[in-house]
Amino acid sequence: MEHSSHLRPRQQDCRWDAVEHLPYKEEGSSLFKAISRQVLFDEPELACQLRYFEMDAGGYSTLERHEHMHAVMILRGHGVCLVAEEVCAVKPLDLITIPAWAWHQFRANAGEPMGFMCMVNQTRDRPQLPSESDLAGLRANPAIAAFLQTTEAG
Ligand code: MN
């Protein structure tokens, strides 16, 4: 990553100088919705990346799993997340550890945008998306079934 100084000031809200804002396309398949991505740090010497994801009210991140881990800090807004078999309400500055192979998803269900920082290995495996039978297995847990139906009013 090239930048001209050691400081990249915040512009407004959760946007920063010299950080590309990557809006996600919305998909009909509803794997994710209304979420954007910014890579804040991507230094080979650190061997990790720090990204910032933000969902509009009612948006959600991709439901996925993979071998690599995530270390997450909620930065703004309230919402709910799935980590493995656990559904948790989250608020600003909460910390969430996503272990290897845990299904995970974040949902901005509180009528406001929700953003989180996510630290990840620079070199990592590709995420797996749930098959129909994976989804059926997840929905067998009533708390997860309710989570997967969560929308803005949830
Ligand atoms: Mn992930």
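Just so it is clear, the structure is predicted and the values come from calculations on it, not from any experiment.

A.B. asks: What's the story with the pairing of strand β2 (residues 33-43) in this structure? I'm lost.
C.D. replies: The side chains of a regular strand alternate between both faces of the sheet. Bridge count for strand β1 (residues 22-23) against β2 is two bridges, and the pairing is antiparallel. Within the sheet, the bridge partner assigned to proline 23 lies in β2 and is serine 36. Alignment of β2 against strand β3 (residues 48-60), held across nine bridges, turns out to be antiparallel. Following the sheet pairing, lysine 33 is matched in β3 by tyrosine 60.

A.B. asks: Where do I start with the nonpolar core in this structure?
C.D. replies: Buried together is how nonpolar side chains tend to be arranged in soluble globular proteins. One finds Met55, Tyr60, Cys81, Phe106 and Phe116 to be the most contacted residues of the largest nonpolar core, which totals 20 residues. It is β3 that provides the largest number of residues to this core, a total of four residues. Apart from the residues lying within four places of it in its own chain, the contact partners of phenylalanine 116 are Phe53, Val72, Met73, Ile74, Leu75 and Phe106.

A.B. asks: Sorry, what's going on with the environment of valine 83 here?
C.D. replies: If you trace the backbone, valine 83 turns up in strand β5 (residues 79-83). The exposure class assigned to valine 83 is partly exposed, which follows from the 18 C-beta atoms found within 10 Å. Along the primary structure valine 83 and tyrosine 24 are separated by 59 residues, whereas in three dimensions their C-alpha atoms are 22 Å apart. With near-sequence residues (within four places) excluded, valine 83 lies in contact with Cys88, Ile96, Ile98, Ala102 and His104.

A.B. asks: So what exactly am I meant to see when it comes to the environment of alanine 57 here?
C.D. replies: Checked against the element boundaries, alanine 57 lands in strand β3. The exposure class of alanine 57 is partly exposed, given the 16 C-beta atoms found within 10 Å. Spatially, the C-alpha atoms of alanine 57 and tryptophan 16 are 21 Å apart, while their sequence positions differ by 41 residues.

Here is what the cut-offs are and how they apply
Residues numbered from 1 in each chain as written. Predicted model: local features only at pLDDT ≥ 70, side-chain atom pairs only at ≥ 80, totals over all residues. Pairing = 2+ DSSP bridges. Helix = DSSP H or I, 4+ residues; strand = E, 2+ residues; numbered from the N terminus. Core = buried A, V, L, I, M, F, W, Y, C linked by C-beta atoms within 7 Å. Buried ≥ 20, exposed ≤ 12 C-beta atoms within 10 Å, placed from the backbone. Contact = placed C-beta atoms within 7 Å.

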